[in-house]
Amino acid sequence: MPQLDRRLPSITSMEHVAKRRMPKFAFDYLQGGIGAEACLAGNRRALDNVQLAPRYLPTEPIQPTFGASLFDREFPMPFAASPLGLSGLMWPKADEQIARVTTRHGLPLGLSSFATSSIEEIGVIAGDLLWFQLYCTEKPEIENDLIDRAEAAGCQVLIVTVDIPTATRREKDIANGLSVPPKFDLMTLSQVALRPAWALATLRAGIPRFKTLLPYVPNGSTLAASAIFLNDMVEGHVTVQKLERIRERWRGQLVIKGILTVEDACLCQDLGVDAIVVSNHGGRQLDAAPLIPQVLPHIRAAVGPELPLIADSGVRSGLDIARLIACGANFVLIGRPFAYAVAAAGEAGVDHAIFLLREELKQTLSQIGCQRLQDLAAHRIKKSPELHTTNTS
């Protein structure tokens, strides 16, 4: 650990190492956002603008605790690995490596419908710590089968993502010629040749495929035709009626991901969902999307204290986790950092990323004199930083 700590002292350092080990087209896909990447940059800026007022004169010694209760279950830390689509392109077998480490720590793992490992493969590793992210389709029979497979794999939390109603154009991916399956032309082959560790790992793992969704692809389809079929399959908005149908069928915890307005949050609450993920998809879907620290307090005020709010987008440290909880979240999803960690140092990198996040969170709580996560909101500076006013409600 000391040697790894010196080489990778932060998530940002992992990102830099990952960039040196991944082909450009894969790294750009992971790191990039949509359009001019204003939302991507805004996520970072908004988190940096969340200030926490320290209390240096407590009435009793501070020994911070940072376990979190969610879905009638206790977790040792208030975060989980977020679902990552096309994970095997970023680093071969990324989902398996992340799953093995996070579950050893007792933390949940989100698995995307468009991951390159199947529900069944990850279910064997993660068991009831698996959270499956469902992309709704135009075919109810496919949705029903995915829900049934998730339950059979041991999944107890279903995350329905609602913020991808249409395919998006990401300029870096277009310029790189990124496709699924990958097209290895002269440009991409030259990038792969410069990253031998990624190339060898991909050779062993095979071409990335959306394994969970393969059973639904028409027989005899080429790889390219399969990709078109799957892309077209998830086109369209998720309607209230569809959510009602899923709520009726799914017997576990139902989470809606991609909520950014008070109106949608209240609608989800009325539908009887078990939690909401306040997310702008990491700046990958709408470049004019609201920023999470700006909307999260308003959503919390609207839905009240009982409905669990999960937040993501832009998290790079334990301090960022504290910031989102101070804004009203109960739990945090973390995506890109775990992919950076796998690319930088494999499973040891994921373990080290969890160590960093835990230690940074502990340091933050200790520094501001906060005993419990639920007390963080009282430390958030709400108005003028010069006045050091805090939320005392």
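Residues numbered from 1 in each chain as written. Predicted model: local features only at pLDDT ≥ 70, side-chain atom pairs only at ≥ 80, totals over all residues. Heavy atoms only, no water.

J.: Tell me about the overall build of the protein chain, residues and numbers included.
T.: When you go through the protein chain residue by residue, the secondary structure sums to 17 helices and 10 strands. Since a compact globule built from 393 residues should have a radius of gyration of about 21 Å, the 21 Å found for the protein chain is in line with a globular shape. Along the first, second and third principal axes, the C-alpha set of the protein chain runs to 70 × 50 × 40 Å. Here the protein chain holds 393 residues, and 55% of them are scored as buried. Sequence separation of 24 or more characterises 73% of the internal contacts of the protein chain that already satisfy a separation of 6 or more. Total accessible area on the protein chain is roughly 17000 Å²; 54% of this is exposed by carbon and sulfur atoms. (Helix = DSSP H or I, 4+ residues; strand = E, 2+ residues; numbered from the N terminus. Rg over C-alpha atoms; globule rule 2.2 N^0.38 Å. Buried < 20%, exposed > 50% of the residue type's maximum accessible area, 1.4 Å probe, protein only. Contact = heavy atoms within 4.5 Å. Areas by Shrake-Rupley, 256 points an atom, 1.4 Å probe, with all protein chains shown as cover.)

J.: A description of the environment of serine 313 should follow, citing residues and the corresponding values.
T.: For serine 313, the position within the fold is in the loop between strand 9 (309-311) and helix 16 (318-326). Note on serine 313: relative accessible area 8%, which makes it buried. Setting aside anything within four residues of it in sequence, one finds serine 313 in contact with Asn43, Leu47, Ser279, Asn280, His281, Gly282 and Ile292. Among the polar contacts made by the side chain of serine 313, one reaches the side chain of asparagine 280 at a distance of 3.0 Å. Looking at serine 313, its side chain comes within polar contact range of the main-chain nitrogen of glycine 282, at 3.2 Å. (Polar contact = N/O pair within 3.5 Å; in protein donor to acceptor, adjacent residues only side chain to side chain.)

J.: An account of unusual backbone geometry is requested, with residue identities and associated values reported.
T.: For phenylalanine 71, which is not glycine, the phi dihedral falls at a positive 55°. One can find phenylalanine 71 in the loop between strand 1 (68-70) and strand 2 (73-75). According to the relative accessible area criterion, phenylalanine 71 is buried, its value standing at 15%. One non-glycine residue with positive phi stands out, namely aspartate 72, at about 60°. Residue aspartate 72 is classed as exposed on the basis of its relative accessible area of 80%.

J.: I'd love a proper account of the pattern of salt bridges, names of residues and values included.
T.: By the definition in use, this model includes 20 salt bridges. Ionic pairing is found between lysine 24 and aspartate 28, a salt bridge with its closest N-O pair at 2.7 Å. One end of the pair, lysine 24, and the other, aspartate 28, are both in helix 3 (residues 24-31), four residues apart, so they sit about a helical turn from each other. You can call lysine 24 partly exposed: its relative accessible area is 46%. Via salt bridges that share partners, Arg44, Asp48, Asp320 and Arg323 belong to a single interconnected network. (Salt bridge = Lys/Arg side-chain N within 4 Å of Asp/Glu carboxyl O.)

J.: Give a description of the state of the cysteines that names residues and reports values.
T.: Using the criterion set out here, one finds zero disulfides in the structure. Cysteine cysteine 136 remains unbridged, with the sulfur of cysteine 268 as its closest cysteine sulfur at 12 Å. Between cysteine 155, a free cysteine, and cysteine 136, which holds the nearest cysteine sulfur, the sulfur-to-sulfur gap is 14 Å. (Disulfide = S-S within 2.5 Å.)

J.: So what about the layout of surface pockets? Which residues, and what values?
T.: Put simply, the second largest pocket is a space of about 560 Å³. Arg300, Gly328, Ala329, Asn330 and Gln374 are, among the 19 residues lining the second largest pocket, the residues nearest its centre. Every element with two or more residues in the lining of the second largest pocket is listed here: strand 1, helix 15 (292-303) and helix 16. In terms of residue count, helix 15 provides more of the lining of the second largest pocket than any other element does, three residues in total. (1 Å grid on protein atoms, 1.4 Å probe; cavity = no way out; pocket = protein on both sides within 12 Å on 5 of 7 lines; lining within 4 Å. Points joined across faces, edges and corners; volume = space filled by probe spheres on them.)

J.: Requested: an account of the pairing of strand 8 (residues 275-278), with residues and values cited.
T.: A two-sided burial pattern is seen for strand 8, the buried positions comprising Ala275 and Val277 on one face and Ile276 and Val278 on the other. For the crossover from strand 7 (residues 253-259) across helix 14 (residues 262-271) to strand 8, the handedness is right-handed. Sheet topology places strand 8 next to strand 9; three bridges connect them, and they run parallel. Bridge pairing in strand 9 places valine 277 opposite isoleucine 310. Handedness of the crossover joining strand 8 and strand 9 through helix 15 is recorded here as right-handed. (Right-handed = clockwise from strand over helix to strand, strands pointing away. Pairing = 2+ DSSP bridges.)

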